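# Survey of secondary and tertiary structure
Given next are the chains, with one letter for each unit.
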Amino acid sequence: MIGLISATAAGAAARDRLVTAWPERVRVYDGPVGDAVRRAFAECEQLVCFLATGAVVRLVAPLLSDKATDPGVVCVDEGGRFAVSLVGGHGGGSNELARQVGELLGAQPVVTTATDAVGLPGLDTLGLPVEGDVAGVSRALLDGEPVALRAEVAWPLPPLPVGAEGAYVVRVTDRLVERAAEREVVLRPPSLVVGVGASKGAPADEVLGLIESTLGDAGLSPKSLAELATVDAKAGEPGIVEAAERLGVPVVTYSAEQLAGVEVPNPSDAPLAAVGTPSVAEAAALVHGGELLVPKRKSERADGRPAMATCAVVRRPGRGRLAVVGLGPGARDLLTPRAKAELRRACVLVGLDQYVDQIRDLLRPGTRVLESGLGAEEERARTAVEEARKGQAVALIGSGDAGVYAMASPALAEASDDIDVIGVPGVTAALAAAAILGAPLGHDHVSISLSDLHTPWEVIERRVRAAAEADIVVTFYNPRSRGRDWQLPKALAILAEHRKPTTPVGVVRNASRPDESSRVTTLGGLDPATVDMMTVVTVGNTATRDIAGRMVTPRGYRWQASQEGAE
């Protein structure tokens, strides 16, 4: 929860904008400012104070105790010009909160944390448990001193300026480390899965004790535990559920049929008779593959009675992450916040050289860039998937929306279920052009590429004809190039068989870019020679009208009926 504190009418007005935008995230604290800050500090994870920075400093200073647990504090000035990350930039999340508040209020976020200022990811912001000399290693990274990466477990990380050798170390491990070495940071990825089997009524202490002793004996850290896995029939077993709660991990369950299909070293008749699978602990841990670190192990009871719990431990390798990112039509303000976040998260960027140039300044230092020219789409898709399969965090970029005539299709055709794939939508060229033209897509519409490099012209023509006969607004991508100069005239002729010469047509070149140009003409008046590959052509349907120089397609057909009646 985010506590909101204000003292003046101007501050309250800005505060209320956050309340409207984040009704489930925020809580307003009224009353005397000092009391409000103290209550919010004790009850909330973060605070936004619409007060002078000096006042907030004096109010929160006596309340500070530990940077790991103190709430993050953002201060917004009375004029709403700046959102200052004051306390808890990383641990309290105030750096990101300042950016979010700034975006909502139109304020400039002010972040002075050293790593953020130079574009380095904070070691304590990677979403992994971290221990050791965070400040010292971070300073070494900032100063350009050699920092070694010791990755005992492969895990996708954002770009870090690390190498094979260095006096400082970033260690990625799921092993027990009693104490991080001097000049060392230990990152703990959630790489361990514990499969659990339990008799009905097995005590939580017995289940938990078995898991903790098994991990300890194997030299494995419970901080790297991702989940407890078991059979569906044990989903509500109180001992398993409580053990998971005390460990702070979820319980993941599988059907007996799924588990019976997993090959394990120690099958048994007992679970087969009880729940329908020859293995619960080992099979549940191994469902998604991995390395079996500890085979099935039974609990030991002080009273000598039969064990009521079993467990097995598997290390799952870090799955590579492929984000397919749409950059929008070109303007920076049409690049979505989610796309920006994915670009900064990636340690490998794959893209067309001219698109890479658009966003190169958004990449973190150390990002490996793999760029190529036009015509290498399938090669880029293969490269991105191969890099993700190495356990990397990869961003594959495309213009507009990456799923529309762009990189998502070839990438997903190459990818299998051994990597995570995240789609990041973008503003398409059709949408950008439509916004410039007016409202040409107010009713049913379709996009058709006139490039026959990947699609036979016979197929394209059939689709154009179907759209013409169905009276659907058509947006043409890739309408004309020096080597393809007859397809657009042919497509327009097909549409002209079903639409009047006066049908509005919108032509937009380089939508949202500095050299943008646009015009509204007619189906009979469009000269195809004025169109090139950087142009989007939108042809209206029989209801589309030119109103004050803008293309407008009504949402219904009553307008069309009234127009025809008037004629």
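Anything mentioned here points back to the structure above.
What comes next is a walk through the structure. (Residues numbered from 1 in each chain as written. Predicted model: local features only at pLDDT ≥ 70, side-chain atom pairs only at ≥ 80, totals over all residues. Heavy atoms only, no water.)

### Considerations on the packing of aromatic side chains
Enumeration according to the criterion identifies 2 aromatic pairs in this entry. A ring pair is formed by Y405 and Y477, whose centres lie 4.7 Å apart and whose planes are at 55 degrees; its orientation type is tilted. Note that Y405 is positioned in the loop between β19 (393–398) and α15 (408–414) and Y477 in strand β23 (residues 473–477), a separation of 72 residues in sequence. On the basis of relative accessible area, Y405 is assigned to the partly exposed category, the value being 44%. Under the relative-accessibility criterion, Y477 is labelled buried at 10%. Taken together, a centroid distance of 5.0 Å and an interplanar angle of 70 degrees make the contact between W457 and W486 edge-to-face. (Phe/Tyr/Trp six-rings, centres within 6.5 Å; stacked < 30°, edge-to-face > 60°. Helix = DSSP H or I, 4+ residues; strand = E, 2+ residues; numbered from the N terminus. Buried < 20%, exposed > 50% of the residue type's maximum accessible area, 1.4 Å probe, protein only.)

### Notes on the layout of surface pockets
Roughly 1600 Å³ of internal volume is contained in the second largest pocket. Lining the second largest pocket are 45 residues; nearest its centre among them are Y355, E377, Y405, N478 and M533. Mapped onto the lining of the second largest pocket, the elements with two or more residues apiece are α13 (353–359), α14 (377–389), β19, β22 (445–449), α17 (457–469) and β26 (535–539). Per element, the largest residue contribution to the lining of the second largest pocket is 4 residues, and it comes from β22. Of the residues contributing to the lining of the second largest pocket, the split by class is 22 nonpolar, 16 polar and 7 charged. (1 Å grid on protein atoms, 1.4 Å probe; cavity = no way out; pocket = protein on both sides within 12 Å on 5 of 7 lines; lining within 4 Å. Points joined across faces, edges and corners; volume = space filled by probe spheres on them. Nonpolar A, V, L, I, M, F, W, Y, C, P; charged D, E, K, R; others polar.)

### Some thoughts on the side chain of S279
Within the secondary structure, S279 sits in the loop between α10 (269–275) and α11 (281–286). Look at S279 and you get buried, because its relative accessible area is 5%. A distance of 3.1 Å separates a polar side-chain atom of S279 from the backbone nitrogen of A283. Dropping the residues within four chain positions of it, S279 is found in contact with L259, V264 and P271. (Polar contact = N/O pair within 3.5 Å; in protein donor to acceptor, adjacent residues only side chain to side chain. Contact = heavy atoms within 4.5 Å.)

### Details of helix α6 (residues 134–143)
Residues of α6 that are buried include every one of V134, G136, V137, S138, A140 and L141, and no others. Note on α6: the residue one or two positions beyond its end, G144, has a positive phi of about 75 degrees.

### Re unusual backbone geometry
At Y405, a residue that is not glycine, the phi angle is positive and equals roughly 50 degrees. The phi dihedral of A548 falls on the positive side, at around 55 degrees, and the residue is not glycine. Note that A548 resides in the loop between β27 (545–547) and β28 (550–552).

### Section: the sheet that holds strand β24 (residues 504–509)
With mixed pairing, 5 strands are arranged side by side in an open sheet as β22-β23-β26-β24-β25. Each edge of the open sheet is held by one strand with a lone partner, namely β22 and β25 (517–522). Adjacent strand axes in the sheet meet at a mean angle of 20 degrees when their direction is disregarded. One ladder, built from 3 bridges, connects β23 with β26; its direction is antiparallel. From the neighbouring strand, T475 faces β26, where its bridge partner is T538. Contacts from helix α18 (residues 487–496) reach β23 and β26 within the one sheet, and its direction differs from that of β23 by about 175 degrees. (Pairing = 2+ DSSP bridges. Axes fitted to C-alpha atoms, helices over the stretch in contact; angles between N-to-C directions.)

Treat this as a map of the structure, not an account of what it does.
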